[in-house]
Amino acid sequence: MTGTKLTAAILAAVLLAASFAGCGKKKNKGEEVPSQYNYTPAESTQEAEETTGDVKDFQKAFVKDLSWQKNYTVKYRYFNAAQSVDNAQIVEKRASTAFSVEYTDTGLVLYYKAAGDDVDYYVIDPAQNQQMHSVIAGKKIASLSSLFMKLSNVDATMPAQSNVLYMYDEVVAGRNCHKYIQRAYADAKLTESVYVWIDAQYGFAMKCEDYDAADVLKTSWEVTEFAAGGVTADDVVIDLSQYSFTEEVG
């Protein structure tokens, strides 16, 4: 397979995994919404409006702390009905000089390694004879975002929105989380319900479930293991000598 074809195949796999996903399958009926959830869509726009001032008494704010992103290990799974992705299993490990993303169900690995002022980027697909290597110029490991960072990112002002309700605290993967529900409307009719579990310590989404108007699960993800700190380059290192790489020029 040529380098161009390999790149296209890898990008297709990554984009498929990046289009959400999660921990569950279809759900015929969602959890009963607490009685204090009395949001009514605005008559003019039929969309939720943000409230001004303090968070409502029956809601709960959360603190957003991004310090974990410098050094962490996370295992999560996700589901996407539209893309036929069912419980994709992913592991991310980040140290100061190396970062890896492994799709454990397929064996696909994305590996980033610091190289002076640049980053070496390797894509390892066990289904291919030739793997891919490229250089991300002028970047540091710390400046790289990840799929999990993007999926789990939640605006700290979310609890102040009028269509959001704090439900209760619940443990996910051994970590305390604040659970919220958010609903969207169009033409005064419910179109979508999202449940999100926000990590109480760091303020990112440990779990999320997105349902359509018929209460069928569309997309979701759930962290199964998480730890911040303690990751070294040796924990992330991958033996590259066993692979043959095609050089990709950006």
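Our subject is the structure that appears above.
Residues numbered from 1 in each chain as written. Predicted model: local features only at pLDDT ≥ 70, side-chain atom pairs only at ≥ 80, totals over all residues. Heavy atoms only, no water.

### Observations concerning the pattern of salt bridges
Enumeration according to the criterion identifies eight salt bridges in this entry. The salt bridge partner of Asp-169 is Lys-60, with a shortest N-O separation of 3.5 Å. Separated by 109 residues along the polypeptide, Asp-169 in strand E7 (residues 164-172) and Lys-60 in the loop between helix H1 (3-18) and strand E1 (72-80) bring together distant segments of the chain. Take Lys-60: its relative accessible area is 28%, and that puts it in the partly exposed class. Among the ionic pairs, Asp-210 bridges to Lys-218, the shortest N-O distance being 3.9 Å. Shared partners join several salt bridges into a network, and the residues in it are Glu-192, Asp-210 and Lys-218. (Salt bridge = Lys/Arg side-chain N within 4 Å of Asp/Glu carboxyl O. Helix = DSSP H or I, 4+ residues; strand = E, 2+ residues; numbered from the N terminus. Buried < 20%, exposed > 50% of the residue type's maximum accessible area, 1.4 Å probe, protein only.)

### Considerations on the pairing of strand E11 (residues 217-228)
Of the strand pairs in this sheet, E1 and E11 are connected by nine bridges, and their pairing is antiparallel. The partner of Arg-77 across the bridge, within E11, is Glu-222. Bridge count between strand E10 (residues 205-212) and E11: five bridges; the pairing is antiparallel. Bridge assignment links Asp-210 to a residue of E11, and that residue is Thr-219. Hairpin connection, E10 to E11: the antiparallel pair is bridged by four residues, and Asp-215 has positive phi, about 65°. (Pairing = 2+ DSSP bridges.)

### Notes on the packing of aromatic side chains
Two aromatic rings, taken as a pair, are described by how far apart their centres are and by the angle between their planes. All told, the structure shown has 17 aromatic pairs when counted by the stated rule. Arranged with centres 5.6 Å apart and planes meeting at 80°, the rings of Phe-148 and Phe-204 form a pair that is edge-to-face. Residue Phe-148 is located in helix H2 (residues 147-152), and its partner Phe-204 is located in the loop between strand E9 (189-199) and E10; the two are separated by 56 residues in the primary sequence. This pair shows no difference in class: Phe-148 is buried, exactly as Phe-204 is. Taking the ring centre of Phe-99 as reference, the NZ or CZ of Arg-94 above it sits at 4.2 Å. Note that Lys-207 overlies the ring of Trp-197, its terminal NZ or CZ placed 4.4 Å from the centroid. (Phe/Tyr/Trp six-rings, centres within 6.5 Å; stacked < 30°, edge-to-face > 60°. Lys NZ or Arg CZ within 6 Å of the ring centre and 35° of its normal.)

### Considerations on the nonpolar core
If you look at the biggest cluster of nonpolar residues, it comprises 50 residues, and the most contacted ones within it are Trp-68, Tyr-76, Tyr-78, Tyr-112, Tyr-180 and Phe-226. Discounting residues that sit within four places of it in the chain, Trp-68 has contacts with Phe-148, Met-149, Ser-152, Tyr-202, Phe-204, Phe-226 and Ala-228. Of all hydrophobic cores here, the second largest spans nine residues; its members include Ala-95, Val-109, Tyr-122 and Ile-124. (Core = buried A, V, L, I, M, F, W, Y, C linked by side-chain atoms within 4.5 Å. Contact = heavy atoms within 4.5 Å.)

### Description of the side chain of Glu-209
Locating Glu-209 in the fold gives a position in strand E10. Judged by its relative accessible area of 12%, Glu-209 falls in the buried class. For Glu-209, the side chain forms a polar contact with the side chain of Tyr-211, separated by 2.8 Å. (Polar contact = N/O pair within 3.5 Å; in protein donor to acceptor, adjacent residues only side chain to side chain.)

### Here we look at unusual backbone geometry
Negative phi is the rule for most residues except glycine; trans is the rule for most peptide bonds. The backbone phi angle of Asp-187 is positive, close to 55°, even though this residue is not glycine. As for its position among the elements, Asp-187 is in the loop between strand E8 (175-186) and E9. Since its relative accessible area comes to 63%, Asp-187 is described here as exposed. Although it is not a glycine, Ala-188 adopts a positive phi angle of roughly 65°.

### Overview of the side chain of Arg-94
One can find Arg-94 in strand E2 (residues 85-94). Summary of buried charges: Arg-94 has no salt-bridge partner, and the nearest side chain of opposite charge, Glu-92, is 5.9 Å away. Separated by 2.6 Å, the side chain of Arg-94 and the backbone oxygen of Ile-141 make a polar contact. Arg-94 has contacts with Gln-69, Lys-70, Asn-71, Tyr-72, Phe-99, Ile-141, Ala-142, Leu-144, Ser-145, Ser-146, Met-149 and Val-231, leaving out every residue within four places of it along the chain. (Lys, Arg positive; Asp, Glu negative; His and termini not counted.)

### Examining the environment of Asp-199
Tracing the sequence through the fold places Asp-199 in strand E9. Here Asp-199 falls in the buried class, since its relative accessible area comes to 1%. Through-space distance from the C-alpha of Asp-199 to that of Cys-177 is 4.5 Å; in sequence the pair is 22 residues apart. From its side chain, Asp-199 meets the backbone nitrogen of Tyr-202 in a polar contact 2.8 Å long.

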